[in-house]
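# Overview (structure and organization)
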Amino acid sequence: MEMNRISEFLGQLGWPQQAMTDAVLTAEYKGAFGITKVLFHAHEAGLRIAINPVLEKSEQSGWSRSVNKLIASLDRESHGVRIGFDKAGDIYVKVDLPEQELNFEQFVYVLLNVCQISEQLTVPVLQAQAYDRKIAVA
């Protein structure tokens with residue numbers, strides 16, 4: 001998918017955007033937890049839409065055992081959407097779409113679902129982290 005078309009779709013949504021290269025651009029999504037950066041990368045196999053980080057790894061402690069189990073479980077259970085940890089330990093959500101012509105409605109459907117998954121992931125991750133810390137202190 002061409003970046004011009006993605007830019008046009010994002011413009012129709014009214015989302016602020018910035019081209020990083022000919023094949024990569026970022027946009028901003030305003031959600032329940034503030035502004036989230038969404039990355040779009042067009043490549044020979046299709047289009048990647050990613051939110052990274054959904055949550056950043058804490059510098060002091062990292063992620064707890066329950067968070068690691070939660071993310072692994074969610075990644076296994078989700079079909080088409082990948083949820084995991086990047087090299088820095090931050091949590092990401094991404095989807096890879098095969099090379100095809102998406103219309104506006106299809107693009108919006110996929111994009112908003114990725115954003116919704118990102119938002120819905122925040123509270124369970126923070127709860128799992130707090131649960132493990134509470135047990136460690138007790």
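Residues numbered from 1 in each chain as written. Predicted model: local features only at pLDDT ≥ 70, side-chain atom pairs only at ≥ 80, totals over all residues. Heavy atoms only, no water.

## A word on the overall build of the protein
Per the secondary structure count, the protein includes three helices and six strands. Along the longest, intermediate and shortest principal axes, the C-alpha atoms of the protein span 55 × 25 × 25 Å. Out of the 138 residues belonging to the protein, those deemed buried represent 39%. Partitioning the intrachain contacts of the protein with sequence separation of at least 6 by distance along the chain shows that 57% fall at a separation of at least 24. Put simply, the protein shows about 8,400 Å² of open surface, and 52% of that area lies on carbon and sulfur atoms. Both charge centroids of the protein, one from 13 positive and one from 17 negative side chains, sit 11 Å from each other. (Helix = DSSP H or I, 4+ residues; strand = E, 2+ residues; numbered from the N terminus. Buried < 20%, exposed > 50% of the residue type's maximum accessible area, 1.4 Å probe, protein only. Contact = heavy atoms within 4.5 Å. Areas by Shrake-Rupley, 256 points an atom, 1.4 Å probe, with all protein chains shown as cover. Lys, Arg positive; Asp, Glu negative; His and termini not counted. Charge placed at Lys NZ, Arg CZ, Asp CG, Glu CD.)

## Here's the deal with the packing of aromatic side chains
What the rule picks out here adds up to four aromatic pairs. Here the aromatic rings of W15 and Y29 are separated by 5.4 Å at their centres, their planes lie at 45 degrees, and the arrangement is tilted. Highlighted residues: W15 in the loop between α1 (3-13) and β1 (17-19) and Y29 in strand β2 (residues 24-31), separated in sequence by 14 residues. Joined through ring pairs, the aromatic side chains of F9, F40, F104 and F107 make up one cluster. (Phe/Tyr/Trp six-rings, centres within 6.5 Å; stacked < 30°, edge-to-face > 60°.)

## Re the sheet that holds β2
Strand order across the open sheet formed by six strands is β1-β2-β3-β4-β6-β5, with antiparallel pairing between neighbours. Sheet topology places β1 and β5 (81-85) at the edges, where each strand pairs with a single neighbour. Adjacent strand axes in the sheet meet at a mean angle of 20 degrees, parallel and antiparallel pairs treated alike. Where α1 meets the sheet, it contacts β1, β2, β3 (34-43) and β4 (46-55), and its direction lies at approximately 20 degrees from that of β2. Contacting β5 and β6 (91-98), helix α2 (residues 65-77) crosses the sheet at an angle of about 160 degrees to β5. (Pairing = 2+ DSSP bridges. Axes fitted to C-alpha atoms, helices over the stretch in contact; angles between N-to-C directions.)

## Notes on the pairing of β4
Side-chain positions along a regular strand alternate between the two faces of the sheet. In terms of burial, β4 is a largely internal element, seven of the ten residues being buried. Sheet analysis places β3 next to β4, joined by five bridges and oriented antiparallel. Within β4, the residue paired with H41 across the bridge is R48. In this structure, the hairpin formed by β3 and β4 is closed by a connection of two residues.

By themselves, these observations are geometric and do not establish any function.
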